[in-house]
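# Architecture and fold: a report
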Amino acid sequence: MSANPRVYSAHHSAFVKTKFGEDGASTPEFDFIVVGGGPAGCALGTRLAENPAGYSVLLVEQGTTVEQNPELQNLIRLPLLTRSLHGSSFDVQYPTIGENQFAHRELKINSGKVLGGSTCINWAIWTRGPKDDYDLWARLTGNQEFSWDAMLPTFDRIERQTAERSEGRISIRSSCQSPRDNYWSSTAALSLEQAGLQRLENINDGAMLGYGELVENVSAGGERATANDYLKQTSAAGLEVWTAVRVEKVLFEDATEDGKKRAVCVSTHVGTVRARKEIILCAGAVQSPHILLLSGIGPQSQLESYRIPVIHNLPEVGQNLWEHPVVDIRFKLRPEKRRDTAEDLASIRTAGRHLDKWANEGQGLISGIPVEWFTFTNLKEKIEPSLSQDPSTTEYEKTTLLRTAIPHVEQFLHYGHGLAAAPDPFQSSYISMSNVVLTPRSPDPINPRIPRIEVNQLKEEVDREMMIAVVEKAYDVLSSKAWEDFLEPQEKPDRETVLDIIKERLTTLWHLGGTCAMETSYNTGVVDSSFRVHGVQGLRVADTSIIPFPISAHTQAVAYAIGEKAAVFIGQDHL
Ligand SMILES: Cc1cc2nc3c(=O)[nH]c(=O)nc-3n(C[C@H](O)[C@H](O)[C@H](O)COP(=O)(O)OP(=O)(O)OC[C@H]3O[C@@H](n4cnc5c(N)ncnc54)[C@H](O)[C@@H]3O)c2cc1C
């Protein structure tokens, strides 16, 4: 890592001999403390330190740096190898609990525990999301900074697509910019046309209904871009990064004249650190609410039941977790047609050609994930009758779910077995589709002690309707004429069988949000429209936990954008 920022690790014994703030050891002070080094935290920490005011900023990350773990460092370079990072020391794997009345499945939800956060262990799919989501976000929160037009310059500050737009920090490219030379490309596109989908020029221009090609955060040389790229490219002198340091809670000073307590310190396992101006939690959608709860901010009765002294009663902390449920449908390639899928990498005999291409040209199957085409479909007409007739449907749900300009479901075609591990990589190759509900209604709460997530995936009828519709569509695509010569046919199952398949394969796409939701005209939320935590001073939350409703996008681009926006709002408040 470059000379700036300074990076210290608590794994080195010289870092702290005596706990800060104890036994006469002084308490370090910074203008700002940013908790969590994921995309939101790295973007925010870097931009705050680059503020002309010359702030001192401490970014605290519970995991190590990628460089401290050479074995995993190489795996991180290639998004294709992402699965091998799951369950590694860079992954938290949050356990889930609860009665999932639909699927009765326990999941382990992966989440990055390393400087760079989940951008080091994710699939490197880059979607900004639909214009309508941002315009609704702005309208409901009353802050025009979240409108699509105001988000565009923010995305430009994040993304580095071409030489002309060199301001951005994260390299992204579309699959046509990378000569992947996918053998299955035209067959796959034709099958989507035959299923009645319209081609999109660019999935990231705000109008998302149709099908279009993958955009990925991968450099021209074929390597994954992570949140660490913010840190590597800054020359801000005021940024200091502590890794392998876990923030346990936020400490408060007594009430000021307005009766609100002020957040002044974070308590960590290496001692107490003071923030002169503000503390910002960017610890992700599970840990940010967890830190708030441990600090005494959350539903009063829940805090009391855990004997946590109440700083401020905030009922929505840790509630309303949304995520994107996903189900894969796989079709086997006919044995004589096996080639150029992820299964090739299972054997040296078939992997060699792909390895050569990547090593010599930085291109080919290995230079990204074996996914190329995405579909986005609006299901308003399908879900409106059941939602409108259900007396428990709130006005907020009607406003967020019953829209015509957003996709409710997404699909992506894999040249290979899909998101789960290959069932029989030596014997068979597959073409598959991941089928995702982007706008689920079923919320999942977080339990405060150990962060455990109660997973309610597809508990609501409307979510099941959406999943059934998109899975049935996957059978149509994979049974279309375009694939006829290549795939072994499968009969389209009846509705009951589709439900059984969904129950068996249901998992998560790891896009978590909503647990410290921003206030809207319908909800008091946890933070205001500038990310300030209600009821206290000097404390904000800025990561995907603040997104007020499920957005129809993979969530890393918006996480970076939240970090960028927070830096602007904080800068304005401290002029
Ligand atoms: C397996 C997987 C695949 C995914 N695929 C994609 C994809 O292809 N495209 C996409 O757009 N999105 C994807 N996502 C989602 C995306 O990566 C996340 O939405 C995004 O990283 C969230 O950013 P964040 O900053 O809110 O939190 P995180 O990325 O979770 O970062 C939070 C950071 O805070 C640290 N932290 C937590 N608690 C503490 C504490 N107490 N003290 C100090 N540090 C702490 C964590 O270690 C972590 O580094 C995927 C996620 C996963 C897990």
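Keep in mind that what you see is a predicted model, and the values were worked out from it rather than measured. Residue numbers run consecutively from 1 along every chain, following the written order of its sequence. pLDDT decides what is reported in this predicted model: residues at 70 or higher carry local features, side-chain atom pairs at 80 or more are listed and counted, and totals for whole chains, interfaces and linings draw on all residues regardless. Excluding hydrogens and water, the side-chain values take into account all heavy atoms of the structure.

Residues are counted as near a molecule or strand when any one of their heavy atoms sits within 4 Å of it. Around the ligand lies a shell of 38 residues, among which E61, I125, V247, T555 and Q556 are the nearest. Counting of polar contacts relies on pairs of N or O atoms within 3.5 Å, with two restrictions inside protein: one atom must be capable of donating a hydrogen and the other of accepting it, and residues adjacent in sequence are counted only when both atoms are side-chain atoms. Within the backbone of V114, an N or O atom sits 3.2 Å from an oxygen atom of the ligand. In the environment of the ligand, an oxygen atom lies 2.8 Å from a nitrogen or oxygen atom belonging to the backbone of Q556. Only the protein chains shown count as cover for residues, and the accessible areas themselves come from Shrake-Rupley with a 1.4 Å probe. Considering the ligand on its own, with 1,000 Å² of exposed area, one finds that the protein chains cover 97% of that surface. Cavities and pockets are found on a 1 Å grid laid over the protein atoms alone: a cavity is a set of points where a 1.4 Å probe fits but cannot escape, a pocket is an open set with protein on both sides within 12 Å along at least five of seven lines, and a lining residue has an atom within 4 Å of such a point. Whether a molecule sits in a cavity or pocket is decided by its atoms, more than half of which must lie within 2 Å of the grid points. Structurally, the ligand is housed in the largest cavity. Of all the secondary structure elements, the ones that give two or more residues to the shell around the ligand are α1 (39-49), α7 (284-294) and α14 (556-573). The element that contributes the greatest number of residues to the shell around the ligand is α7, accounting for three residues. Going along the chain from the N terminus, every DSSP run of H or I of four or more residues is numbered as a helix, and every run of E of two or more is numbered as a strand.

The next thing to look at is the UniProt feature "active site" (unreviewed entry) in the chain. UniProt positions are given in the numbering used here, feature names are shortened, and annotations may be inferred rather than shown by experiment. In the numbering adopted here, UniProt assigns the feature "active site" (unreviewed entry) to H511 and H554. The greatest C-alpha distance among the residues just named is 6.4 Å, despite their covering 44 residues of sequence, which places them together in space. Cross-referencing the annotated residues with the largest cavity identifies H511 and H554 as lining it. Inspection of the secondary structure puts H511 in the loop between β23 (507-508) and β24 (536-537). Relative accessible area decides the class of each residue, using a 1.4 Å probe on protein chains only: under 20% of the type maximum gives buried, over 50% gives exposed, and in between gives partly exposed. Accessibility expressed as a relative area gives 8% for H511, which makes it buried. The criterion used for residue contact is that any of the two residues' heavy atoms lie within 4.5 Å. Setting aside residues up to four positions removed in sequence, H511 forms contacts with W322, E323, H324, A553, H554 and T555. Take H554: it is sitting in the loop between β25 (539-541) and α14. Classification of H554 as buried rests on a relative accessible area of 4%. If sequence neighbours within four positions are ignored, H554 has contacts with I125, T127, F374, E410, F412, L509 and H511.

Okay, the side chain of D340 next. Note on placement: D340 falls in the loop between β17 (325-332) and α9 (348-361). For D340, a relative accessible area of 11% corresponds to the buried category. When sequence neighbours within four positions are dropped, the list of residues in contact with D340 reads Y183, W184, R353, H354, L365 and Y415.

Another aspect to go through is the nonpolar core. Formed by 105 residues in total, the largest nonpolar core has its most connected members in W137, I279, L292 and L539. Formed jointly, this core draws a minimum of three residues from each of two domains, domain 1 (6-67 + 227-320 + 515-573) and domain 2 (179-217 + 325-439 + 458-505). The set of buried Ala, Val, Leu, Ile, Met, Phe, Trp, Tyr and Cys residues whose side-chain atoms join them within 4.5 Å is what this entry labels a nonpolar core. Judged by nonpolar contacts, the second largest core, of 45 residues, contains A103, I329, I468 and I501. What counts as a domain boundary in this text is fixed by an automatic or database domain assignment.

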